[in-house]
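Take a look at the letters that make up each chain.
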Amino acid sequence: MEVKTIAVIGADIVGRAIAFISVCGEYDTVLEDVSEERLEKAASWMAENLESCVARGNLGAQGRDVAAARISLARTVEDAIGGADLIIETLPDEVEMQIEIFTILDKFAKPNAIFATTGRLSVTELAEVTFCGDRCIGMRFRENVEEAKVVELVRGSDTSVETIAACAEVARRTGREVVVLEDPAVNNSSERERKFANAQD
């Protein structure tokens, strides 16, 4: 699994920051939001951050222009995810909303695309509404996204080694260390199975 294009769903503070570090990691990046106002604010914010990088000497003018060219905006999830290898959703931790977005991703994403959630809901349970549990994963930033030094990759019950490796490479290219965690739902499921087996004895 090689990630070249990343789609970020949601242009709030977290979403725009993930889109920014994605661009800085030299990924083509599509930022989606249903709100035109949020998209415009996010675009302005990213442009200002790129200028700040130039002012601090972290980026040249040519580098700024190349990075800016990697950013594109979309008003619908369907438009955003069509060519994406990795889709990162940043929506609120509301079960119905999360289930809806994962259902949409499963229907409209290209084959082999990875679905990542930044939220705290169970990756295993969200993956159950898709036909690609092996390509569902959690990507959680411990602090402010721009300043975070660590990305937590949360492995669901079916998350593949290839999916973890692809997301780990994305994290490293954006300057983050990686910690791989087990989805609590996996442990809870194993515990329930153990108790059931014991009850049958």
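Look up a bit, the structure's there.
Caption draft 1: Quick look at unusual backbone geometry. A positive phi angle is found at Glu 26, which is not glycine, with a value near 70°. Take Glu 26: it is sitting in the loop between helix H1 (13-24) and strand E2 (28-32). One non-glycine residue, Asn 112, adopts positive backbone phi at about 75°. Tracing the backbone shows Asn 112 in the loop between helix H5 (95-108) and strand E5 (114-117). For Asn 112, a relative accessible area of 57% corresponds to the exposed category.

Caption draft 2: Summary view of the sheet that holds strand E3 (residues 71-74). As summarised here, the arrangement of the eight strands in space is E3-E2-E1-E4-E5-E6-E7-E8, forming an open sheet in which the pairing is mixed. Every interior strand has two partners, whereas the edge strands, E3 and strand E8 (177-182), have only one. Put simply, the sheet's adjacent strands are angled 25° from each other on average, direction ignored. Bridging between strand E4 (residues 86-89) and E5 involves four bridges; their strand directions are parallel. Its bridge partner being in E5, Glu 89 is matched across the sheet by Thr 117.

Caption draft 3: Here's a closer look at a negative patch on the surface. On the surface, a cluster of negative charge is made up of Glu 125, Glu 128, Asp 134, Asp 158 and Glu 162. Judged by relative accessible area, Glu 162 falls into the partly exposed class, the value being 48%.

Caption draft 4: Region of the structure containing empty space enclosed by the protein. Counted by the stated rule, this structure contains one cavity of 30 Å³ or more. In this structure, the largest cavity encloses a volume near 70 Å³. Those elements that provide at least two residues to the lining of the largest cavity are H1, strand E6 (136-141) and helix H7 (161-173). Looking at the lining of the largest cavity, the element that brings in the most residues is H1, giving three residues. For the lining of the largest cavity, the residue count by class is nine nonpolar, two polar and no charged.

Caption draft 5: Geometry of H5. Given a rise of 1.5 Å per residue, 14 residues ought to cover 20 Å, and the 20 Å separating the end C-alpha atoms of H5 matches this to within 8%. Inspection of H5 places Gln 98, Ile 101, Phe 102 and Leu 105 among the buried residues, and these make up the whole buried set. Looking straight down H5, one finds that the buried residues subtend no more than 95° of arc, so they occupy a single side. Of the exposed residues in H5, the ones pointing more than 90 degrees away from its buried face are Glu 96, Glu 100 and Lys 107. Turning to H5, the residues buried within the fold contact strand E1 (5-9), helix H4 (77-81), E4, E5, helix H6 (123-127) and E6.

Caption draft 6: The arrangement of the nonpolar core in detail. Ranked by internal contacts, the top residues of the largest apolar core, which has 36 residues, are Ile 6, Leu 31, Leu 86, Ile 137, Met 139 and Leu 153. Among the elements of the structure, E1, H1, helix H2 (36-55), E4, E5, E6, strand E7 (150-155) and H7 are those that each provide at least two residues to this core. Not counting chain neighbours up to four residues away, the residues in contact with Leu 31 comprise Val 8, Gly 10, Ala 11, Gly 15, Arg 16, Ala 19, Leu 39, Ala 42, Met 46, Ser 72, Leu 73 and Ala 74. By size, the runner-up hydrophobic cluster in this structure holds 21 residues, among which are Ile 81, Phe 115, Leu 126 and Cys 136.

Definitions and limits used
- Residues numbered from 1 in each chain as written.
- Predicted model: local features only at pLDDT ≥ 70, side-chain atom pairs only at ≥ 80, totals over all residues.
- Heavy atoms only, no water.
- Helix = DSSP H or I, 4+ residues; strand = E, 2+ residues; numbered from the N terminus.
- Buried < 20%, exposed > 50% of the residue type's maximum accessible area, 1.4 Å probe, protein only.
- Pairing = 2+ DSSP bridges.
- Axes fitted to C-alpha atoms, helices over the stretch in contact; angles between N-to-C directions.
- Patch = residues over 30% accessible without salt bridge, like charges linked within 9 Å, V, L, I, M, F, W, Y side chains within 5 Å.
- Areas by Shrake-Rupley, 256 points an atom, 1.4 Å probe, with all protein chains shown as cover.
- Salt bridge = Lys/Arg side-chain N within 4 Å of Asp/Glu carboxyl O.
- Lys, Arg positive; Asp, Glu negative; His and termini not counted.
- Charge placed at Lys NZ, Arg CZ, Asp CG, Glu CD.
- 1 Å grid on protein atoms, 1.4 Å probe; cavity = no way out; pocket = protein on both sides within 12 Å on 5 of 7 lines; lining within 4 Å.
- Points joined across faces, edges and corners; volume = space filled by probe spheres on them.
- Nonpolar A, V, L, I, M, F, W, Y, C, P; charged D, E, K, R; others polar.
- Expected span 1.5 Å × (residues − 1).
- Arc of directions from axis to C-beta.
- Contact = heavy atoms within 4.5 Å.
- Core = buried A, V, L, I, M, F, W, Y, C linked by side-chain atoms within 4.5 Å.

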